[in-house]
Amino acid sequence: MRILFIFLDGVGLGDDDAGQNPFARADLPALTRFTDGQRWTRHLPRMESAAGTFIPTDACLGVAGRPQSATGQATILTGVNVPQALGYHYGPKPNKDIRALIDRHNLIHILRTHGLRVGHLNAYPPRFFKGIASGRRLLSSNQYALWAGGVDLPGPEALYAGRAFSVDLTNEGWRTHLGYPDVPLWTPYEAGRRLALQAQQYDFAFFDHWLTDYVGHRGSMPEAIDLLQRLDEMLTGVLDVWDIAEGLIIIASDHGNIEDLERRNHTTNPVPTLIIGTAHRAFAEGLTDLTHIAPRVLAALTDHSAPPM
């Protein structure tokens, strides 16, 4: 068993309103094949197909206010109800109390203590590392959990070697904004194929796609539709390579945002969780909120029934 975890920042299930929700307009055949062709909007119930389970998932976790990235991501990668432990949602980057909870309950660390290979599939430019070293930039909860768990944050050399990937999937941003004119350009479909092949080198591989939240805060409807359709093309490439009989693909999010472009803030909408693979039913059983993901990852990869707490 191996798992490819594709994290989508800021994706919720909103109204079926083409004026505000790009999911109501975008053509997303790879995603909707797991929901009987139905668009990912608020009306969707939990749905099960032969190859996957789609679950509207609670990101509010019993705490008032809008869910935030730091607490939501920390919950996903610890199994702890972090907003409840703190008494509030917090973000975008983790404070010392959130980091302390990650340190105590870090799924990544637990997987590695079981001898499992964990891979971080995002590539970061030198200015990212300089910002971290100077203190001007903080790691996200996802990044912190991976780093604190002993997993390297890949740099440009990993991008060139095909071991890690640009958040925009195609590498265009590295060419046009980061000054790397010779990085290879890929279609989203080819990036998906390469992502799946690289993920097969690990027991647990993590790809963090934060552009969905960025576009939700600042982007236009055409930009949001284009981004979702590129993600869908990427998933098509992943599915064309991935062996669903021996591994799971998990797609999950920390809070809503991009599904309501009128608000420009996070939402309290449920978030989608999609589990793809022959073993999807066992993984999905009883999963209703973000605290349920980490224990199931641990159980799937180690046959360990206790949550990582």
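Quick notes on the rules
- Residues numbered from 1 in each chain as written.
- Predicted model: local features only at pLDDT ≥ 70, side-chain atom pairs only at ≥ 80, totals over all residues.
- Heavy atoms only, no water.
- 1 Å grid on protein atoms, 1.4 Å probe; cavity = no way out; pocket = protein on both sides within 12 Å on 5 of 7 lines; lining within 4 Å.
- Points joined across faces, edges and corners; volume = space filled by probe spheres on them.
- Helix = DSSP H or I, 4+ residues; strand = E, 2+ residues; numbered from the N terminus.
- Axes fitted to C-alpha atoms, helices over the stretch in contact; angles between N-to-C directions.
- Parallel < 35°, antiparallel > 145°, perpendicular 65-115°, else oblique.
- Left-handed = near helix turned anticlockwise from the far one by under 90°.
- Contact = heavy atoms within 4.5 Å.
- Nonpolar A, V, L, I, M, F, W, Y, C, P; charged D, E, K, R; others polar.
- Pairing = 2+ DSSP bridges.
- Core = buried A, V, L, I, M, F, W, Y, C linked by side-chain atoms within 4.5 Å.
- Buried < 20%, exposed > 50% of the residue type's maximum accessible area, 1.4 Å probe, protein only.
- Salt bridge = Lys/Arg side-chain N within 4 Å of Asp/Glu carboxyl O.
- Polar contact = N/O pair within 3.5 Å; in protein donor to acceptor, adjacent residues only side chain to side chain.
- Phe/Tyr/Trp six-rings, centres within 6.5 Å; stacked < 30°, edge-to-face > 60°.

J.: Would you explain the layout of surface pockets in this entry?
T.: Over the atoms rolls a probe the size of a water molecule, and in doing so it shows where empty space is left. Taken as a whole, the largest pocket encloses approximately 1,200 Å³ of empty space. Around the largest pocket, the lining is made up of 42 residues, and of these Arg137, Val167, Trp210, Leu211 and Tyr214 lie nearest the centre. Every element with two or more residues in the lining of the largest pocket is listed here: α2 (69-76), α6 (126-134), α7 (141-148), α9 (172-176), α11 (211-218) and α12 (221-241). Of the residues forming the lining of the largest pocket, the biggest block, six residues, is contributed by α11. There is about 200 Å³ of room inside the second largest pocket.

J.: Just checking my understanding: could you explain the packing of helix α10 (residues 188-199) against α12 for this structure?
T.: For any two helices packed against each other, one specifies the inter-axial angle together with the distance between the axes. Close contact between α10 and α12 brings their axes to 6 Å; oriented N to C, the two are set at 45 degrees. In this view, α10 runs oblique relative to α12, as classed from their interaxial angle. Considering only the axes of α10 and α12, their crossing is right-handed. Within the contact between the two elements, α10 uses Pro188, Tyr189, Gly192, Arg193, Leu195, Ala196 and Leu197 and α12 uses Arg230, Glu233, Met234, Thr236, Gly237, Val238, Asp240 and Val241. Among the residues making up the contact of α10 with α12, the classes are represented as eight nonpolar, three polar and four charged.

J.: I'm lost on the sheet that holds strand β7 (residues 271-276) in this one. Help?
T.: Across a sheet, strands are paired by hydrogen bonds formed along the backbone, either parallel or antiparallel in direction. Reading across the sheet, the seven strands line up as β2-β3-β7-β6-β1-β5-β4 and stay open at both edges, with mixed pairing between neighbours. Of all the strands in the sheet, the pair left with one neighbour each is β2 (47-48) and β4 (118-120). In this sheet, β7 lies alongside strand β6 (residues 247-252) in antiparallel orientation, the contact comprising three bridges. Counted as the bridge partner of isoleucine 249 is isoleucine 276 from β7.

J.: Could you clarify how one ought to interpret the nonpolar core in this entry?
T.: Burial of nonpolar side chains together is a common tendency in soluble globular proteins. Within the largest apolar cluster, 47 residues are counted, with the highest numbers of intra-cluster contacts made by Val238 and Ile258. With 11 residues, α12 is the largest single contributor of residues to this core. Not counting the four nearest positions on each side in its chain, valine 238 is found in contact with Leu4, Gly192, Arg193, Leu195, Ala196 and Ile249. Formed by 46 residues, the second largest nonpolar core is a distinct cluster that contains Leu61, Ala70, Leu111 and Tyr144.

J.: Before we go on, may I ask you to explain the pattern of salt bridges in this structure?
T.: Where charged atoms of side chains with opposite charge meet at close range, the side chains can pair. Using the criterion set out here, one finds eight salt bridges in the structure. A salt bridge links glutamate 190 to arginine 194; the shortest N-O distance between them is 3.0 Å. On the criterion of helical spacing, the pair formed by glutamate 190 and arginine 194 is a turn pair, its members being four residues apart in helix α10. For arginine 194, a relative accessible area of 34% corresponds to the partly exposed category. Close ionic contact of aspartate 226 with arginine 230 constitutes a salt bridge, the shortest N to O distance being 3.0 Å. Linking aspartate 226 with arginine 230, this pair stays in helix α12, spanning four residues, or about one helical turn.

J.: Help me understand the side chain of histidine 120, please; the structure alone is not making it clear to me.
T.: Within the element layout of this structure, histidine 120 appears in strand β4. In terms of polar contacts, histidine 120 uses its side chain to reach the side chain of asparagine 122, at 3.5 Å. A polar side-chain atom of histidine 120 sits 3.0 Å from a polar atom in the side chain of tyrosine 124.

J.: Help me understand helix α14 (residues 293-302), please; the structure alone is not making it clear to me.
T.: Residues spaced three or four apart along an α-helix point in a common direction, a consequence of the helix completing one turn every 3.6 residues. When you tally the buried positions in α14, you get seven out of 10 residues, the bulk of the element. The set of residues buried in α14 consists of Ile293, Ala294, Pro295, Arg296, Val297, Leu298 and Leu301.

J.: Please explain empty space enclosed by the protein as it appears in this structure.
T.: This model, assessed by the stated rule, comprises one cavity of 30 Å³ or more. For the largest cavity, the full set of lining residues is Ile6, Leu8, Val11, Phe23, Leu31, Leu228, Leu231, Met234, Leu235 and Ile251. For the lining of the largest cavity, the secondary-structure elements that each account for two or more residues are β1 (2-8) and α12. Counting residues per element, the lining of the largest cavity draws most heavily on α12, at four residues. Considering only residue class, the lining of the largest cavity consists of 10 nonpolar, no polar and no charged.

J.: Would you mind going over the packing of aromatic side chains with me for this structure?
T.: By convention here, two paired aromatic rings are described through the distance between centres and the angle between planes. Evaluated as defined, the whole model comprises 14 aromatic pairs. Ring centres of tryptophan 40 and phenylalanine 54 lie 5.0 Å apart, and the angle between their planes is 55 degrees; this geometry places the pair in the tilted category. In this pair, tryptophan 40 sits in the loop between α1 (29-32) and β2 while phenylalanine 54 sits in strand β3 (residues 52-57), placing the two residues 14 residues apart along the sequence. Among the residues examined, tryptophan 40 registers a relative accessible area of 2% and is labelled buried. With 5.8 Å between their ring centres and 50 degrees between their planes, phenylalanine 165 and tryptophan 186 make a pair best called tilted. Linking phenylalanine 165 in the loop between α8 (156-161) and α9 with tryptophan 186 in the loop between α9 and α10, this pair joins segments that are 21 residues apart in sequence. As far as burial versus exposure is concerned, phenylalanine 165 and tryptophan 186 are alike and both buried.

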